[in-house]
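Letter by letter, the chains look like this.
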Amino acid sequence: MRSKRISNNAKHNKRKNTMPDHLYSLFLTKSKILEYKKAGKRIIGTLCNGVPEEIIHSLGAMPTRLLGLSKTTENADLKLPRWLCAYARRILEDGLRGYLNYLDGVVGITSDDTKMRLYSTYTFYVKNNFSYIIQMSYVRSENSLKFFSMELERFAHKLSNHLLCNFNLDRLKESIKIYNKFRLLCKEVCGLRVIDTPKICGADWMKIMLGSVSTLKEDFNKIVEDELASLKDSEGVKDYKLRVHISGADFYDVELLQLIESLGAIIVSDDLCTATGYFSGFVNEGEEPFEDLAERYLSCSACTFTAHPNVSLIKDRIGFIKKEVERSKADAIIILRDKGCEIYGWQCSSIMEELQDFPVLLLDIDTPISLEQYKTRIEAFIESYGD
Amino acid sequence: MAINMKMQEWNPLGYKVLYKELFKRHLARQEELLKRGRPVGWFFSFHPSELIYVFDLVSAFPEQYSAYCAARGSSTDLIDVSLSMGYGHFLCDYFKTTIGSIVKPEKATPPTMPKPDFIIGSRGLCIAHCEMADVFARFNKVPCYVVNYPYWTRDMIGRHDGFTKVPEKIDETYFEYCVASLEGLIDFLEGITGEKMSEDKFKDVFRVAEDTSKLLLEIIRLMMSKPTPGSQREICDLVFVAFFALGSMYAYDFAREAYNLIRDRVKNGVGVVPNERYRLLTFGIMPWHSLTLYEYCERLGATFPANLYVNESVHLVEADKPFESMVRRTIHFTNADYEMIYDVVEGLKEADLDGAILFENTGCRVTSMIIKPLADILEEELGIPSLIIEAPQCDPRIMSLDRAKMQIEAFLETLK
């Protein structure tokens, strides 16, 4: 056990930084998105991390990763199987309820079976002016890379036609720079989680990341830059029993993370598609931006949809998790597996096998989340492995 | 059972004997090739099966094997093995059954699949096939090759024929990518066998596949005749011929005999039951553990002139366009944006349908997510209602046969 075990109750920052709550409110209210919309910006929803937002951004539109806010999914359940992941059902529910009426278009990608059909279901039931599904390759071969690069270029031209604006390579390069800066800042903030007295807890980190999908990245970058120094100066979390890595896919319920931390753990790293998996991996700032984007988006290690020929799909993901766990000096792992999650359904067995040296708590998540149901198990887990 | 629903005499086409002969010849081929030391490959549906015969490969199909286990009662134990290993409950039944048979072969129905020397993943239907290929390759420590195809959209192919799968066009970028992916597969198989592909054999196999595909297409068209000439109990197994044996002589011989039987039935106006009361569409992977359900419905007078899952397995092969034919195999509404459902439904108009029974295969995203849009389009375009039954293809515990029968009876009552 490498964690600092000082007292029984985790007490987070005394001088609480307001940035996470501010950003989280942007996610919950979509106020910034509506502000952009009012100013004439087109808003394009994306259905997966695999959609290169830089392309949408370079065309003057605002890309926003869709994460449903509906807590229940009674309308979506009439259109989708109930056993499907909450991620898909909540997005469709938001669409059916009209919560996403601010969208001018939706972009999906063929990254997994659920997301592929979610795109079709969403566009079938919730009509948008623009929709496009990016064709993904599943192997990182030279041929696939070339194809994916062409596919991204095709997408850029389709969207530019819809937006009635000319596509411009220099603007794409500029957007790549803004996104790389976003990634750099996220990396820096993330670095504040892994130290002995983490400056930021897991729930706040999630709030920041959720805010990042609800603002233009240049605005997000400014907010973070302005607050970074104060965040670094903060006292940090000293009192915790267990350093925890969170593993999962499209999970973003802050309340459950808050529960875990209220019980004495500190979440020091994660591999969630909605958090660390969202920003990890830089785009090369070269002369062939589509190829650079293709390279980055085909090699997102936090996801698993591609692998090098003859390399197992899971290998990169496990490598990514191990790296994060090592970096954060986590003592234990909590897996948040949405019961209907396809990706984690496949991977969970291998991940648990590879991480057998660590204490692992597997929580099957269903929506609406019943915090009370998880409390006993989390508490027992922290008591068993923490100090 | 409702009072006025009398069970009728059931008169199937007699394909059972033909399937028996087909599998006998398939297994004899396997045995012979195994003796010659030919490599064993595991393949999935919508894979270009012709290449199996071009390269003289021993072929095994996890999906077919899982269906076999489901029909013989071992799939539930095998599924439980996979769950105990930490795999998700809501994953493809074929995966869960196969992984169980790999880890606990003693629980699987013999004969189990021969151990593979390589595995081919194919994204012609679902990404689950690629994921399965990856996991199976890891367990067996063998190489894996993935053939990628797009998720087709109107923009890429225009309209398509729901039977032959011939599209108006195929956007060049995607076609070339598919061809490159298939050429990569041929290179991979050349590496596995250590032999250059025989061009002559390639042509011969595709000629056989063309003839077979035309017969299969005729069979599914003739099924739409009035009265419905055959039972879905026997038509549903056509998927194994179309998915896995297309390109073989025994598939051709089967198709020829099967065609003759159904043609004669139609010519003589004979139906699977004497009094056809309802003509139903069905879709979804068949619940292999409960295939008697089709016979039950038919005996009630509810016949199935169309099974969209079977229809999706069949496509037109043109020997002079082998690569286009291999790509065409993946152009079906279960691998396409939902606009394509309209093309398929258009072709169903001549079937004169009264309703639809749709199977929601728990764990299969591809077939299950499309069910409700399909039901909506059937209502909108053909004015017919649908009954959706939760039916995982290999796990009878989720689908009670008696409950399904009651649901169907109640549904049929509403069709009057």
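Reading guide: rules and limits
- Residues numbered from 1 in each chain as written.
- Chains lettered and ligands numbered in written order.
- Predicted model: local features only at pLDDT ≥ 70, side-chain atom pairs only at ≥ 80, totals over all residues.
- Helix = DSSP H or I, 4+ residues; strand = E, 2+ residues; numbered from the N terminus.
- Rg over C-alpha atoms; globule rule 2.2 N^0.38 Å.
- Buried ≥ 20, exposed ≤ 12 C-beta atoms within 10 Å, placed from the backbone.
- Pairing = 2+ DSSP bridges.
- Axes fitted to C-alpha atoms, helices over the stretch in contact; angles between N-to-C directions.
- Expected span 1.5 Å × (residues − 1).
- Contact = placed C-beta atoms within 7 Å.
- Parallel < 35°, antiparallel > 145°, perpendicular 65-115°, else oblique.
- Left-handed = near helix turned anticlockwise from the far one by under 90°.
- Nonpolar A, V, L, I, M, F, W, Y, C, P; charged D, E, K, R; others polar.
- pLDDT = per-residue confidence, 0-100.
- Core = buried A, V, L, I, M, F, W, Y, C linked by C-beta atoms within 7 Å.

Novice: Please give an account of the overall build of chain B that cites residues and values.
Specialist: When helices and strands are counted, chain B shows 19 helices and 8 strands. A globule of 416 residues ought to have a C-alpha radius of gyration of about 22 Å, and chain B, at 21 Å, matches this closely. Going through the 416 residues of chain B one by one, you find that 57% of them count as buried.

Novice: How would you summarise the sheet that holds strand 3 (residues 118-123) of chain B if you had to cite specific residues and measurements?
Specialist: One key point about sheets: their strands pair by backbone hydrogen bonds, in either a parallel or an antiparallel sense. All names here are of chain B. The strand order across the open sheet formed by 4 strands is 2-1-3-4, and the pairing between neighbours is parallel. Edge positions in the open sheet fall to strand 2 (58-60) and strand 4 (144-148), since each of these has one partner strand only. Within this sheet the neighbouring strands show an average axis-to-axis angle of 25°, counted without direction. Pairing of strand 1 (residues 40-42) with strand 2, which is carried by 3 bridges, proceeds in the parallel orientation. Note on strand 2: the bridge partner recorded for G41 is S59.

Novice: A description of helix 6 (residues 142-163) of chain A should follow, citing residues and the corresponding values.
Specialist: Between its first and last C-alpha atoms helix 6 of chain A spans 32 Å; for 22 residues at 1.5 Å apiece the expected length is 32 Å, and the two agree. Taken together, the buried positions of helix 6 of chain A are occupied by S144, F147, F148, S149, E151, L152, F155, A156 and L159 of chain A. Residues of helix 6 of chain A that are buried make contact with helix 3 (53-58), strand 4 (130-134) and helix 12 (289-297) of chain A together with helix 8 (172-193) of chain B. Immediately beyond the C-terminal end of helix 6 of chain A, within one or two residues, lies L164 of chain A, with a positive phi of roughly 55°.

Novice: Lay out the packing of helix 8 (residues 202-212) of chain A against helix 10 (residues 254-262) of chain A in plain terms, naming residues and giving numbers.
Specialist: All names here are of chain A. For the pair helix 8 and helix 10, interaxial distance at closest approach is 8 Å and the crossing angle is 160°. Between helix 8 and helix 10, the angle is such that the two are roughly antiparallel. Crossing handedness for the pair helix 8 and helix 10: left-handed. Along its contact with helix 8, which presents G202, A203, M206 and K207, the element helix 10 presents V254, L257, Q258 and E261. Residues that form the contact of helix 8 with helix 10 fall into these classes: 4 nonpolar, 2 polar and 2 charged.

Novice: Kindly report on the interface of chain A and chain B, identifying the contributing residues and their values.
Specialist: Each partner contributes to the interface: chain A provides 35 residues, whereas chain B provides 38 residues. For the side of chain A that touches chain B, the secondary-structure elements that each account for two or more residues are helix 5 (113-125), helix 6 and helix 14 (342-354) of chain A.

Novice: Describe the environment of K375 of chain A, and please don't skip the residues or the numbers.
Specialist: As for its position among the elements, K375 of chain A is in helix 15 (residues 371-385). C-alpha separation for the pair K375 of chain A and L256 of chain A, spaced 119 residues apart in sequence, amounts to 9.1 Å.

Novice: I'd like a description of the pairing of strand 8 (residues 386-390) of chain B, backed by residues and values.
Specialist: Residues and elements named next belong to chain B. The buried fraction of strand 8 amounts to 4 of the 5 residues, a majority that puts the element mostly inside the structure. Where strand 7 (residues 355-360) lies against strand 8, 5 bridges are found, and the strand directions are parallel. Note that in strand 8 the partner of I357 across the bridge is L387.

Novice: If you had to explain the pairing of strand 3 (residues 105-109) of chain A to someone new, which residues and values would you point to?
Specialist: All names here are of chain A. By the criterion of burial, strand 3 is predominantly enclosed, with 5 of the 5 residues buried. Judged by which residues are buried, strand 3 turns out to be covered on both faces: G105, V107 and I109 on one side and V106 and G108 on the other are all buried. Both strand 1 (residues 43-46) and strand 3 contribute to a ladder of 3 bridges, which runs parallel. Across the sheet, T46 pairs through a bridge with V107, a residue of strand 3. In the sheet, strand 3 pairs with strand 4 via 5 bridges, with the strands oriented parallel. Within strand 4, the residue paired with I109 across the bridge is I134.

Novice: Go over the confidence of the model for chain B, please, and point to the residues and values.
Specialist: Should the pLDDT be low somewhere, the predicted coordinates at that spot are not to be read in detail. Confidence in the prediction for chain B averages 96 pLDDT; 99% of positions are at 70 or higher. Here the prediction assigns the complex a pTM of 0.95, and the interface score ipTM is 0.95.

Novice: Break down the nonpolar core for me, with residues and values.
Specialist: What tends to happen in soluble globular proteins is that the nonpolar side chains get buried as a cluster. If you look at the biggest cluster of nonpolar residues, it comprises 263 residues, and the most contacted ones within it are V244 of chain A together with L216 and V241 of chain B. Broken down by element, this core gets its largest block of residues, 9 residues, from helix 9 (residues 199-222) of chain B.

Novice: Give me unusual backbone geometry: which residues, what numbers.
Specialist: For the bond from T367 of chain A to P368 of chain A, the omega torsion is 0°, close enough to zero to count as cis. Note on placement: P368 of chain A falls in the loop between strand 8 (360-365) and helix 15. Following K226 of chain B, the chain continues into P227 of chain B via a peptide bond in cis, with omega recorded as -5°. Relative to the elements of secondary structure, P227 of chain B occurs in the loop between helix 9 and helix 10 (232-235). Of note in the backbone geometry, F46 of chain B takes a positive phi value of approximately 70° without being a glycine. Assignment of secondary structure puts F46 of chain B in the loop between strand 1 and helix 2 (50-54).

Novice: How would you summarise the environment of I334 of chain A if you had to cite specific residues and measurements?
Specialist: Residue and element names in this part refer to chain A. For I334, the location among the structural elements is in strand 7 (residues 332-338). Exposure remark for I334: the 28 C-beta atoms within 10 Å place this residue in the buried category. When the C-alpha positions of I334 and F381 are compared, they lie 9.3 Å apart, and in sequence the two are 47 residues distant. Discounting residues that sit within four places of it in the chain, I334 has contacts with V244, I246, I260, L361 and L363.

Novice: How would you explain the packing of helix 1 (residues 19-29) of chain A against helix 8 of chain A if you had to name every residue and give the values?
Specialist: Residues and elements named next belong to chain A. Packing of helix 1 against helix 8 leaves a shortest axis separation of 7 Å and a crossing angle of 45°. In terms of their interaxial angle, helix 1 and helix 8 are classed as oblique. You can see that helix 1 and helix 8 cross each other, and the crossing is left-handed. Touching M19, P20, D21, L23, Y24, L26 and F27 of helix 1 are D204, K207, I208, L210 and G211, all from helix 8. Class assignment of the residues belonging to the contact of helix 1 with helix 8 gives a composition of 8 nonpolar, 1 polar and 3 charged.

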